[in-house]
Amino acid sequence: MITRKQYESARRIVSEYENQEYAAALERAKNEFPRGSHVKHSETCVRGVVYGYARFQSDVMLKIADDKGMYPTRISVKYAKKIE
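Scoring rules and cut-offs
Residues numbered from 1 in each chain as written. Predicted model: local features only at pLDDT ≥ 70, side-chain atom pairs only at ≥ 80, totals over all residues. Heavy atoms only, no water. Helix = DSSP H or I, 4+ residues; strand = E, 2+ residues; numbered from the N terminus. Rg over C-alpha atoms; globule rule 2.2 N^0.38 Å. Buried < 20%, exposed > 50% of the residue type's maximum accessible area, 1.4 Å probe, protein only. Expected span 1.5 Å × (residues − 1). Contact = heavy atoms within 4.5 Å. Pairing = 2+ DSSP bridges. Axes fitted to C-alpha atoms, helices over the stretch in contact; angles between N-to-C directions.

S.K.: Would you mind going over the overall build of the protein chain with me for this structure?
M.R.: Tallying secondary structure elements over the protein chain gives one helix and five strands in all. Traced from its N-terminal end to its C-terminal end, the protein chain shows the element sequence α-β-β-β-β-β. In terms of C-alpha radius of gyration, the protein chain reaches 17 Å, well past the compact-globule figure of 12 Å for 84 residues. With the C-alpha coordinates aligned to their principal axes, the bounding extent of the protein chain is approximately 55 × 20 × 20 Å. A buried classification covers 26% of the 84 residues belonging to the protein chain.

S.K.: Is there a simple way to think about helix 1 (residues 4–32) in this case?
M.R.: An α-helix turns once every 3.6 residues. As a result, residues three or four positions apart point the same way. The end-to-end C-alpha distance of helix 1 is 42 Å, a good match for the 42 Å that 29 residues give at a rise of 1.5 Å each. Buried residues along helix 1 sit against strand 2 (47–56) and strand 3 (59–65).

S.K.: Just checking my understanding: could you explain the sheet that holds strand 1 (residues 38–41) for this structure?
M.R.: Strands belonging to one sheet form pairs held by backbone hydrogen bonds; the direction of such a pair is parallel or antiparallel. Pairing is antiparallel in the open sheet, where five strands are placed in the order 4-3-2-1-5. Where the open sheet ends on each side, the last strands, each with one partner, are strand 4 (73–76) and strand 5 (80–83). For this sheet, the mean inter-axis angle between neighbouring strands, taken without regard to orientation, is 45°. Pairing of strand 1 with strand 5, which is carried by four bridges, proceeds in the antiparallel orientation.

S.K.: What's the story with the side chain of Ser 76 in this structure? I'm lost.
M.R.: Along the chain, Ser 76 falls in strand 4. Beyond its immediate chain neighbours, meaning those up to four positions away, Ser 76 contacts Val 60 and Met 61.

Laid out in structure tokens, this is it:
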């Protein structure tokens, strides 16, 4: 049986790993979709300009708004496509 101390230690290791994976994914997202770039969702009609980044669980999200800065929303990098 696992002790509470072992459980806490394993949880910290998993958390550190997830943070490292997220940091790497965030860097890739920043390179692929820099702020000001136009993107669209690959499966819906959502589109806009990237104005920031967010985290949902372990996924990187793009914060987007329309050209006038209105109607902000978020889309996952997994479904984002760059448009020009």
